[in-house]
Amino acid sequence: MATTLVTTDYKFPGQTAVYHGKVRDVYTIGEDTLVMIATDRISAFDVILPKGIPYKGQVLNQIASYFLDSTADIVPNWKLATPDPMVTVGNKCEGFRVEMIIRGYLAGSAWRDYKNGVRELCGVKLPEGMIENQKFPEPIITPTTKADAGHDENISREEIIAQGIVSEEDYKVMEEYTRRLFKKGSEMAAEKGLILVDTKYEFGKLDGKVVLIDEIHTPDSSRYFYAEGYEERLRNHEPQRQLSKEFVRQWLIDNGFMGQPGQKVPEMTDEFCETVSQRYIELYEHITGQPFVKADESDLTNRIAVNTLDCLQQINR
């Protein structure tokens, strides 16, 4: 199996902090620059799985970079440069403790709640009589509080503002940006024969203005269906062909794991990891319309260090 990057331990010049997330490792340089490394780790149900997925970090980073560049004209973002296939360097922003989830279709966790009788998500009323993967009359925003560890929690717009997590003024901007980004992402997906089902965005403030941060429209943060055959599968109550991480979650569920205490992650064989890798690469090629070029992994750790150092030196000139 190809080399995977599952841990990093860099000491960049001027480094003041490091944060190891579920998938990304974020290095703070000085007071105003971030180096975000997309590792090959994979998480599901807020649990980091024991094996890395080949080329996953490269896929995530390059898709995110592609969409950050493609949407910069409608929403300002944090990105400065992509010096390595697995690295993005950008402005450090004061992040909001909220993730903006927007759903165009009743799928994933929303469907699991709906079929159990839930008819209101994050203060948003849901229509009666819907079926799995059906399109909502209008996309709905279902925010969550952002947790450092453990599960993120659903929260309503009213609760966010009342608790002072985000000011009403900033939240209105986040809502507007969320809808703009989802519209643009949906249009770009449609051009490639895909449906952007749902996704999440994170925002922060830079120089007093709300900006988009982190990743965007990747298979870790989004769900895509193939447009071809969607209506027929919906009519027949058949599972949709999709490009997302949902198939990994479903594999875990089928093997008795949903992140609950006492549950054990099923064995991830090399063959399974390669299958997941191919699904990620498939999404990259579909959504960008470009062939995926596997980066040289012969000295992965050093490659990232050299490329990142060169970028930081140019930024600081």
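Residues numbered from 1 in each chain as written. Predicted model: local features only at pLDDT ≥ 70, side-chain atom pairs only at ≥ 80, totals over all residues. Heavy atoms only, no water.

Caption draft 1: Structural context of the packing of aromatic side chains. Scanning all chains against the criterion turns up twelve aromatic pairs. Seen in terms of ring centroids, Trp251 and Phe272 are 3.9 Å apart; in terms of plane orientation they differ by 20 degrees. Their pairing is stacked. Placement of the pair is Trp251 in helix H6 (residues 246-254) and Phe272 in helix H7 (residues 270-288), with a sequence separation of 21 residues. Judged by relative accessible area, Phe272 falls into the buried class, the value being 13%. An aromatic cluster of at least three residues, connected via ring pairs, comprises Tyr10, Phe12 and Tyr27. Over the ring of Tyr226 we find Arg241, and its NZ or CZ is 3.9 Å from the ring centre. A cation over a ring is seen here: Arg279 above Phe247, with NZ or CZ 4.0 Å from the ring centre. (Phe/Tyr/Trp six-rings, centres within 6.5 Å; stacked < 30°, edge-to-face > 60°. Helix = DSSP H or I, 4+ residues; strand = E, 2+ residues; numbered from the N terminus. Buried < 20%, exposed > 50% of the residue type's maximum accessible area, 1.4 Å probe, protein only. Lys NZ or Arg CZ within 6 Å of the ring centre and 35° of its normal.)

Caption draft 2: Looking closely at the pairing of strand E7 (residues 87-91). Here E7 lies mainly inside the structure; four of its five residues are buried. When strand E3 (residues 33-38) meets E7, the two strands line up antiparallel, connected through five bridges. Following the sheet pairing, Thr33 is matched in E7 by Asn91. In this sheet, E7 lies alongside strand E6 (residues 79-84) in antiparallel orientation, the contact comprising three bridges. Counterpart to Ala81 in the pairing with E7 is Val89. (Pairing = 2+ DSSP bridges.)

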